[in-house]
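Examination of the molecular architecture
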Amino acid sequence: MMNLGLLLLSLAGAAETAPVMLRVQGIETLLIAPDRPATIRWRAEGPLPADPVRYRVEDFRDSEVCAGIAQRLDRQTIELTLTLAQGYYEVEFAGVAARFGVVAAPARSRPGDPFFAIDSAMSWLVRDPALREGLVGVLRRSGIAMARERLNWGEIQPTRDRFDWNGPRGYETLRQRYAAQGVSLLEMFHSATPWSGTVGKYPGDLVGTAAAWQSIARRWGTMWGGLEIWNEPDIFFGDHLPADQYAAVVKTLAYAVHAQAPDTPLVGGVVAHYHRPFLDTVAACGMLDCVDAASFHTYDQAARMQTLVSQYRDWLAAHQRADMPLWITESGRPWRRGRDRPPADQDIASALDITAKAIEARACGVTRYFAFVYPFYEENENNFGMMDRHGTPLRSFAAYAQAARVLSGKRYLGDLPLDGAQAPVRIFGDGRETVAVLTRSTTIAALRSVETPSPSAADRGEAAVPGDTAAPGGGERESGAAPASTAPGPADKRPVEAAESPRRLRAEALDGRRIELGDKGEIPVVDGLAYVWLDEATPMRLDTDTDAMRLWRLGQAASRRRAAPSPVVLRWQNDPASFHPETAGYRVVGEGSGPHRVVVRAFNLGEVPTDLRLRLDFEDSAARIEDPNPCRVHAAAGGFVDATWNVDLATAFAQADRVTATVRPIEDGTTGALPLTVALIGSPTLDQRLARHARRVRLPLGDSTRWRSNVSANGHLEIEPQPDESVVLTVRFDQGDRWVYPYFELPDELDPRRYTALVLRARCARPATVRIFLWEGTRGVGYLTVGGLIPADGQWHAAEAPFSELTLSPANAPDDNDRLDLDQVRRISFGMNSEADENRLEISDAYLVGPE
């Protein structure tokens with residue numbers, strides 16, 4: 001197989017010869033069986049120089065393993081025959097900086113555990129058909145069970161009446177390759193096609209959208225292992241629109257897919273951040289009734305995984321779906337862009353974090369985990385690729401494949417309470433072998449000395465993912481194997497002992513290489529993570545009364561399938577003169593809140609006309625509805641109709657910043673339509689906001705000595721403190737990231753613990769997400785507002801940021817206790833992620849506020 005693994009080869013002693021382009025013949029040949037001779041061939045586009053082609057092989061830690069001269073097969077082909085122990089290696093040719101990654105690991109003969117998945121994104125990132133073929137083969141061999149792909153709808157349906165199934169990116173051919181090699185596919189519906197019209201970035205014509213996706217599901221449904229609806233709707237991919245607009249798209253896709261591929265699991269949510277108001281709104285609109293799993297993304301540190309999963313479980317529990325399957329469909333750790341391959345230290349850091357997050361997600365009961373991202377991918381200042389520019393493996397891919405090999409089919413059994421361990425020692429087993437995941441060096445004696453009893457035990461049983469036919473636990477099950485559980489039943493309160501195994505105690509490193517135990521039983525952990533197989537001579541008592549075990553059990557519950565979808569979808573029709581849409585809801589334009597007109601469009605996706613009675617409800621607020629309620633409308637088959645109400649919100653907004661409006665069909669037993677819920681946000685003045693708080697102190701933003709610049713490497717920031725204690729931030733960006741968050745030092749006498757929120761008045765000249773950060777000390781631990789504080793529309797707005805709603809920034813340092821400690825806060829950042837190359841943020845006032 002040609003045209004794979006591109007490399008520029010400059011041969012030593014042949015300076016007068018032009019560089020020769022080499023291509024590895026079959027990228028899958030870079031995955032070899034350990035301890036057996038394996039042959040890898042490269043072919044040049046032109047004749048090779050006459051001088052010998054020297055090579056060297058280095059291991060995971062850049063230590064030389066072997067060196068020699070490559071064998072010539074003809075004028076254009078060279079060959080290496082290597083016998084390598086299990087682990088990761090790089091092959092380098094003399095005089096060439098570029099390298100080829102090689103993974104020595106046993107091949108998987110059966111589909112892997114459904115948990116271990118990857119965001120492949122080859123539809124967009126890989127154009128070479130042969131490279132695509134090889135990369136799919138690498139996934140199959142490595143036991144990666146599912147690949148996430150992206151679809152730009154407009155590229156396969158440029159007009160309403162014409163489908164081009166391959167489009168410009170070979171969409172259908174790639175999907176057929178996945179199917180042929182037995183790698184399950186998570187399709188991801190990402191973009192609206194121009195003919196559908198748009199509401200922000202979402203399709204406007206929901207009837208046409210449903211009809212189109214029935215055709216797509218009819219043709220591709222048998223190749224899907226799941227369909228994920230949109231990508232990160234809570235940020236710019238959703239045009240920063242409120243959650244109800246996304247929910248309308250989910251309902252439309254649920255109806256379309258149910259008609260043609262009812263057994264295809266649907267995945268919704270797909271959020272970039274844990275933004276609770278957004279999540280609560282999308283759930284109130286019925287999204288959780290339309291999907292089989294909820295997904296989220298994280299680029300946070302591994303130590304935060306348990307907290308994140310717990311937060312999403314709390315959200316689901318608040319909407320009576322605590323046990324809904326959770327999928328993490330993007331989880332990565334980038335390296336710095338600019339090279340074909342990362343330096344070893346950056347590659348190891350990426351490998352460790354991606355793998356550690358997978359292990360933590362596994363212990364916390366997450367159903368599927370998608371490492372991000374399989375091919376070479378540069379974004380701003382980062383590269384997220386797990387393969388290099390030429391398609392050969394990096395350490396991150398080798399480490400992730402090793403985790404899939406070791407933990408496939410194994411359940412989380414509990415924690416080993418090892419003295420001095422900074423992170424939990426997770427224990428996994430399947431009835432045949434038990435594996436401990438260590439994050440620091442220890443000894444066999446330390447493992448054997450553990451005697452801490454556990455007051456509870458893990459439950460038996462694990463449900464398969466909807467649509468899967470894998471054995472419980474999702475991994476391979478050998479004929480006659482013991483049940484995949486070593487834990488006693490719920491009624492058994494005995495301490496859990498590690499399963500016995502005929503194997504001797506052994507350990508493997510992050511990439512799978514064998515770890516030599518010390519003379520005194522030392523188990524070194526040099527990469528930040530190691531796997532230890534526990535033998536019958538290592539009895540130990542596990543702690544099963546852990547937060548992770550609570551989450552694990554929720555993840556094993558038998559999931560109920562989504563409800564049959566309704567053909568009626570309700571959608572808010574926004575009047576920009578009255579409301580400004582943002583992630584948290586619809587903000588009243590200006591500082592008034594008088595009469596407004598509410599318009600809700602009812603789409604009938606079905607083939608039967610229907611009469612509807614739609615009731616508008618403002619819960620317990622003082623909003624007044626001035627028209628007949630419910631509103632009676634007739635929705636033609638394949639059409640839509642608008643329901644309207646005139647409302648007065650003045651009194652309601654005088655009492656609260658937010659008003660929840662819900663439109664529900666008064667059921668006649670025929671439509672089963674889900675409700676529409678929206679958050680309406682008032683625009684009180686600065687004085688009105690301050691009047692709600694007994695304690696307040698104005699920050700001296702005009703003190704120039706308290707400011708320090710903090711802007712992306714390509715940014716140029718000017719900080720202009722003003723005599724009236726206001727400040728102006730003017731920024732210009734070159735190509736790259738566009739963020740600016742200068743530090744403001746708090747006065748020494750100010751104690752942040754006496755306050756509960758920050759109130760400010762500001763305006764932003766051009767589109768941006770305006771945020772604040774609270775920083776703990778000088779360690780780089782920052783807590784920020786998730787969504788934008790104010791609309792970036794050039795107008796003045798007053799806003800309030802409760803400290804309880806701030807979240808740890810995943811782009812900055814981890815926090816040991818995972819909570820905002822106000823006693824450590826001495827700096828606040830005011831700034832933005834700008835969408836424009838030039839922008840200006842003015843802050844007239846900033847107050848810390850709280851109760852007396």
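Read on for an overview of the structure. Keep in mind that what you see is a predicted model, and the values were worked out from it rather than measured.

1. Focus: the sheet that holds strand β18 (residues 293-298)
As summarised here, the arrangement of the eight strands in space is β11-β12-β13-β16-β17-β18-β19-β21, forming a closed barrel in which the pairing is parallel. With strand direction ignored, the average angle separating the axes of adjacent strands in the sheet is 25 degrees. Across three bridges, strand β11 (residues 116-119) lies against strand β12 (residues 146-152) in parallel orientation. In the sheet register, D119 faces β12, and the bridge partner there is R148. Contacts from helix α6 (residues 243-260) reach β13 (184-191), β16 (226-229) and β17 (266-271), with the element oriented near 155 degrees to β16. On the sheet, helix α10 (residues 344-363) packs against β18, β19 (326-331) and β21 (368-372) and is oriented at approximately 170 degrees with respect to β21.

2. Structural notes on the pattern of salt bridges
Under the definition given, this model contains 64 salt bridges. Measuring nitrogen to oxygen at the nearest pair gives 3.2 Å for the salt bridge that ties R706 to D703. A residue is classified by how much of its surface remains accessible, and R706, at 22% relative accessible area, is partly exposed. Each of R56, E58, D62, E64, E90, E92, R99, R341, D347, D388 and R395 takes part in a single network of salt bridges with overlapping partners.

3. Observations regarding the side chain of S809
Position of S809 relative to the elements: it lies in the loop between β53 (807-808) and β54 (825-834). In this structure the side chain of S809 is engaged in a polar contact, spanning 2.6 Å, whose partner is the side chain of N812. What S809 contacts, discounting residues up to four positions off in sequence, is F773, G782 and L784.

4. Quick look at the pairing of β19
Within β19, six of the six residues are buried, leaving the element largely enclosed by the surrounding structure. Bridge count for β18 against β19 is five bridges, and the pairing is parallel. Bridge pairing in β19 places H297 opposite E330. Note on the crossover from β18 through helix α9 (residues 305-318) to β19: the handedness is right-handed. Where β19 meets β21, three bridges bridge the pair, whose relative direction is parallel. Within β21, the residue paired with W327 across the bridge is R368.

Each value, and the rule that gives it
Residues numbered from 1 in each chain as written. Predicted model: local features only at pLDDT ≥ 70, side-chain atom pairs only at ≥ 80, totals over all residues. Heavy atoms only, no water. Pairing = 2+ DSSP bridges. Helix = DSSP H or I, 4+ residues; strand = E, 2+ residues; numbered from the N terminus. Axes fitted to C-alpha atoms, helices over the stretch in contact; angles between N-to-C directions. Contact = heavy atoms within 4.5 Å. Salt bridge = Lys/Arg side-chain N within 4 Å of Asp/Glu carboxyl O. Buried < 20%, exposed > 50% of the residue type's maximum accessible area, 1.4 Å probe, protein only. Polar contact = N/O pair within 3.5 Å; in protein donor to acceptor, adjacent residues only side chain to side chain. Right-handed = clockwise from strand over helix to strand, strands pointing away.

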